[in-house]
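One letter stands for each residue in the lines below.
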Amino acid sequence: MMYETIKNLYSQFEFEPVVENQDRLKKFDKFIVVGMGGSHLAADLIKTWRPSTAMITHEDYGLPGMAENVFQNALVILSSYSGNTEEVLASYEMAGERGFARAAISIGGKLLKRAKEDGVPYVQIPDTGIQPRSALGFMFKGLLKLMGEEEAVREVGELHKSFHPEEYEEKGKKLAEKIKGYVPLIYASTKNEGIAKNWRVRFHETAKIPSYYDVFPELNHNEMTSFDVVDSTRLLAEKFHFIFLKDLEDQPQTLKRMEITEKLYRERGLPVEIVELGGQSELHKIFGAISLADWTAYYLAKHYGTDPEEVPMVEEFKGLVQK
């Protein structure tokens, strides 16, 4: 099923989200998106697409520690793909107790049940049986709808005619061949952190392998030094394969830092792969990068003999937590 899910990402952009209890949803220009796992990945990508958006994501119980007046002027969006995420449900209750404006997005579950009972605005996305990390198109458009970004919703919708995930399959297959046997470490600019995070999640959940990411320029002030290998540390460093997500729209100094870091790593015998991000638009660039990550992780799963679809350890963990 995962193969078809990756291939059919474009079809999610046909989804036309509807805000229920629309009359209770005011216009906001600040947003706090509460979500765990795959349920906040779309918010990360919205920030990549529109860096000026006043949005933060909260990946924990409760609400972020900010001044009361910040919440009074922001919409708290509770995002849970299943609708049953423990942390998000706790945040929903806290936001309600403190009288903050709330909205919800989910396929259903307890979250939408409570939203319906409380008259809270919500968007219900289609339940197609796919994993949360794979529902980026649905979540992306649904979040934009709750944010009141009607023109953006229409613009994203056009991707169902122009975006073709299968175009990235062969490149993903070749990249998987290069990095198999290594732990992927993804590097990107700060602006593209949301893309790097999505790559990491796909290696974790689809390929079932360890993976990490960091961003420029911060990594040049700390992480980089951990790969200044000597004989006694080489065995540690050589387990990693570096994937640089290079965006020609990044700041010139960031691109210069990438080039120099690549040079330093190669001189130390460390494997580096440069992935150039591009496309006919910023949205194509973002979702093209996601499709490439999907295909790479899928073919790594095939190599390792792991299930690219399900996440049994997560389900096992949830069962133990609920006891």
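Thresholds, definitions, all that
- Residues numbered from 1 in each chain as written.
- Predicted model: local features only at pLDDT ≥ 70, side-chain atom pairs only at ≥ 80, totals over all residues.
- Heavy atoms only, no water.
- UniProt positions renumbered as here; feature names shortened; annotations may be inferred.
- Helix = DSSP H or I, 4+ residues; strand = E, 2+ residues; numbered from the N terminus.
- Rg over C-alpha atoms; globule rule 2.2 N^0.38 Å.
- Contact = heavy atoms within 4.5 Å.
- Areas by Shrake-Rupley, 256 points an atom, 1.4 Å probe, with all protein chains shown as cover.
- Lys, Arg positive; Asp, Glu negative; His and termini not counted.
- Charge placed at Lys NZ, Arg CZ, Asp CG, Glu CD.
- Pairing = 2+ DSSP bridges.
- Axes fitted to C-alpha atoms, helices over the stretch in contact; angles between N-to-C directions.

Looking at an unreviewed UniProt entry, one finds the chain named Bifunctional phosphoglucose/phosphomannose isomerase and attributed to Candidatus Sungiibacteriota bacterium. The chain has a UniProt comment under Sequence similarities (unreviewed entry) that states "Belongs to the PGI/PMI family."

Looking only at helices and strands, the chain features 14 helices and 10 strands. Taking 20 Å as the expected radius of gyration for a compact globule of 323 residues, we find that the chain reaches 20 Å, a close match to that expectation. Along the first, second and third principal axes, the C-alpha set of the chain runs to 60 × 45 × 40 Å. For the chain, the proportion of contacts with a sequence separation of at least 24, taken over those separated by at least 6, is 79%. Accessible surface for the chain amounts to roughly 14900 Å². Of this, 50% is attributable to carbon and sulfur atoms. Distance from the positive charge centre (40 side chains) to the negative charge centre (50 side chains) of the chain: 1 Å.

Okay, the UniProt feature "domain: SIS" (unreviewed entry) in the chain next. Residues given the UniProt feature "domain: SIS" (unreviewed entry) here are residues 21–158. Helix makes up 40% of residues 21–158 and strand 17%, with an end-to-end C-alpha separation of 26 Å.

Okay, the sheet that holds strand E1 (residues 19–20) next. Hydrogen bonds along the backbone pair up the strands of a sheet, which may run parallel or antiparallel. With respect to topology, six strands assemble into an open sheet ordered E1-E6-E5-E4-E2-E3, the strand pairing being mixed. At either end of the open sheet lies a strand with only one pairing partner, and these are E1 and strand E3 (54–58). Of the strand pairs in this sheet, strand E2 (residues 30–35) and E3 are connected by five bridges, and their pairing is parallel. Paired with valine 33 across the two strands is threonine 57, which belongs to E3. With respect to the sheet, helix H5 (residues 109–118) is in contact with strand E4 (75–79), strand E5 (102–106) and strand E6 (122–124), its orientation differing from that of E5 by roughly 140°. Packed on one face of the sheet, helix H6 (residues 136–146) meets E1, E4, E5 and E6 and runs near 160° to E5.

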